[in-house]
Amino acid sequence: MSGLGGVNGTVCNAQQYQQSLSSATSLNPTITCLTQGQAIGLTLISETAFLSLLCVMVLFILIGRNKLRYRKAPNGGWRLLQTPADIYLLTLFIFDIILALGGTLNVRWAHNGIVTTGSYCVAQGILEQSGEVGVALTTLLLAAHTFVTALWPVGIEARRLAFGLVGLICVFIILCVGLGNGLNKKYEAPTPYWCSISRLFNAERLAEVSVWIGIALFASIVLYIPVYFWATGRLSVNNWNLNPSQPGTPDRRATLRLLLLPLAYSLIVLPLWVARRLQGPAFRCLNIQPLRCHQRSPLLVFTDPTASLRPSGF
């Protein structure tokens, strides 16, 4: 962090600090002045994101090494994406990289002591939004796939379906991010310690991020509970009938390793999701007209044909 010499333990001058105070309660925040403690916290977040990025990159290096090692095997080599689960996991790792890149950009805010709007802020907001939604939706797909294929032999080799579903996720994210930033110049803003969807667009912030994270958490908890009992031999499914007290098998017990993914996801995301939900004003429009909250939002464009024709101050 730059040397402190500003107002109230920040690097901001009086004008910047006053703007920061106004942004804290404004639906259109433009600047956040960080204290030394907040800058240290952002530094730790940046380091954690970098470690996450490094781990995924090392994983990709190991996958590439194995691919090169087995490409000349007598049986035709090793195929990278053999099952739908491989496709979902690879997609999940890619979105993890995107999300981690967004987290590493916090290093600039920590160094400067100020979070401001601009192209850098927009870039971080796009990465954060794409990564969070992508990870949530892919986790949801993986949970549903594991649940169905574990209890019933359906869709085990449905690679085309998996590619199609992943494609739909990518299209959905591109549309949400593209329409949001294309229709609005202030879509990404300080919130307040890093950049994400501005409080001016709370409907999108809730629908595009929080709802999907909540659904992914709920699915990870609900769907993997019967998978756990199935893997440990306490539950069996024959012709869509549940039969308890069946002996477990090595293949079933191997499925328990997949439970580490939703467990890790829930432990990491659940506290953040609860904290966001407790920030009521961040997800509600208070004392203003609803249409003013998301003036030219992509959600309004689809639900109200005249929304895109209204002046932005309506």
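Residues numbered from 1 in each chain as written. Predicted model: local features only at pLDDT ≥ 70, side-chain atom pairs only at ≥ 80, totals over all residues. Heavy atoms only, no water.

Considerations on the environment of Ser198
In step 1: Relative to the helices and strands, Ser198 is located in the loop between β4 (195-197) and α7 (202-231).
In step 2: What makes Ser198 buried here is its relative accessible area of 0%.
In step 3: Note: C-alpha distance between Ser198 and Gly125 (73 residues apart in sequence) is 9.2 Å.
In step 4: Excluding residues that lie within four positions of it along the chain, Ser198 makes contacts with Leu27, Asn28, Pro29, Lys186, Tyr187, Glu188, Ala189, Thr191 and Arg205. (Helix = DSSP H or I, 4+ residues; strand = E, 2+ residues; numbered from the N terminus. Buried < 20%, exposed > 50% of the residue type's maximum accessible area, 1.4 Å probe, protein only. Contact = heavy atoms within 4.5 Å.)

Side note on helix α3 (residues 84-104)
In step 1: Between its terminal C-alpha atoms α3 stretches 30 Å, which fits the 30 Å expected from 21 residues at 1.5 Å a residue.
In step 2: Considered for burial, the residues of α3 that qualify are Pro84, Ala85, Ile87, Tyr88, Thr91, Leu92, Phe95, Ile97, Ala100, Gly102, Gly103 and Thr104. (Expected span 1.5 Å × (residues − 1).)

Considerations on the packing of aromatic side chains
In step 1: This structure, assessed with the given rule, holds 4 aromatic pairs.
In step 2: Summarising the aromatic geometry, the rings of Phe60 and Phe93 are spaced 6.4 Å apart at their centres and angled 85° between planes, so their arrangement reads as edge-to-face. Note that Phe60 is positioned in helix α2 (residues 36-69) and Phe93 in helix α3, a separation of 33 residues in sequence.
In step 3: Judged by its relative accessible area of 23%, Phe60 falls in the partly exposed class.
In step 4: A ring pair is formed by Tyr187 and Phe201, whose centres lie 5.2 Å apart and whose planes are at 50°; its orientation type is tilted. Taken together, the residues Tyr187 in the loop between α6 (159-183) and β3 (188-190) and Phe201 in the loop between β4 and α7 connect sequence positions 14 residues apart. (Phe/Tyr/Trp six-rings, centres within 6.5 Å; stacked < 30°, edge-to-face > 60°.)

Examining the state of the cysteines
In step 1: Applying the stated criterion across every chain, the model contains 2 disulfides.
In step 2: With its sulfur 2.0 Å from that of its partner, Cys12 forms a disulfide with Cys33. Between Cys12 and Cys33, the disulfide has an S-S torsion of -110° and is therefore left-handed. Within this pair, whereas Cys12 is found in the segment before α1 (14-25), its partner Cys33 is found in strand β1 (residues 31-33), the two being separated by 21 residues in sequence. Cys33 carries the same exposure label as Cys12, and that label is buried.
In step 3: A sulfur-sulfur separation of 2.0 Å characterises the disulfide bridge that pairs Cys121 with Cys195. Note on the Cys121 and Cys195 pair: the S-S dihedral is about -110°, so by sign convention the disulfide is left-handed. (Disulfide = S-S within 2.5 Å.)

Considering the packing of helix α5 (residues 119-151) against α6
In step 1: Relative to each other, α5 and α6 sit at 150°, their axes nearing to 10 Å. By the angle between their directions, the pair α5 and α6 is classed as roughly antiparallel. For the element pair α5 and α6, the recorded crossing hand is right-handed. For the pair formed by α5 and α6, the contact residues are Val122, Ile126, Gln129, Ser130, Val133, Gly134, Leu137, Thr138 and Leu141 on the first element and Leu165, Val166, Ile169, Phe172, Ile173, Cys176, Val177 and Asn181 on the second.
In step 2: Of the residues in the contact of α5 with α6, the class split is 12 nonpolar, 5 polar and no charged. (Axes fitted to C-alpha atoms, helices over the stretch in contact; angles between N-to-C directions. Parallel < 35°, antiparallel > 145°, perpendicular 65-115°, else oblique. Left-handed = near helix turned anticlockwise from the far one by under 90°. Nonpolar A, V, L, I, M, F, W, Y, C, P; charged D, E, K, R; others polar.)

So, the confidence of the model for the protein
Close reading of the predicted structure is inappropriate where its pLDDT is low.
In step 1: Here the protein averages 76 in pLDDT, and 73% of its residues register 70 or above.
In step 2: Per-residue pLDDT stays below 50 along residues 280-314; that stretch engages in 58 contacts with residues further than four places along the chain or on separate chains. (pLDDT = per-residue confidence, 0-100.)

Focus on a nonpolar patch on the surface
In step 1: On the surface, Phe218, Ile221, Val222, Ile225, Tyr228 and Phe229 cluster together into a nonpolar patch covering about 550 Å² of accessible area.
In step 2: For Ile225, the location among the structural elements is in helix α7. (Patch = residues over 30% accessible without salt bridge, like charges linked within 9 Å, V, L, I, M, F, W, Y side chains within 5 Å. Areas by Shrake-Rupley, 256 points an atom, 1.4 Å probe, with all protein chains shown as cover. Salt bridge = Lys/Arg side-chain N within 4 Å of Asp/Glu carboxyl O.)

Observations regarding the environment of Lys185
In step 1: Turning to its location among the elements, Lys185 is positioned in the loop between α6 and β3.
In step 2: Overall, Lys185 belongs to the exposed group, its relative accessible area being 86%.
In step 3: Sequence-wise, Lys185 and Val122 are 63 residues apart; in three dimensions their C-alpha atoms are separated by 9.6 Å.

Comments concerning the nonpolar core
In step 1: One finds Tyr88, Leu151, Ile169, Ile173, Ile213, Val227 and Tyr265 to be the most contacted residues of the largest nonpolar core, which totals 31 residues.
In step 2: The element contributing the most residues to this core is α5, with 10 residues.
In step 3: With sequence-adjacent residues up to four places away left out, Ile173 is seen in contact with Phe95, Ser130, Val133, Gly134 and Gly178.
In step 4: Formed by 7 residues, the second largest nonpolar core is a distinct cluster that contains Leu34, Trp109, Ala110 and Val115. (Core = buried A, V, L, I, M, F, W, Y, C linked by side-chain atoms within 4.5 Å.)

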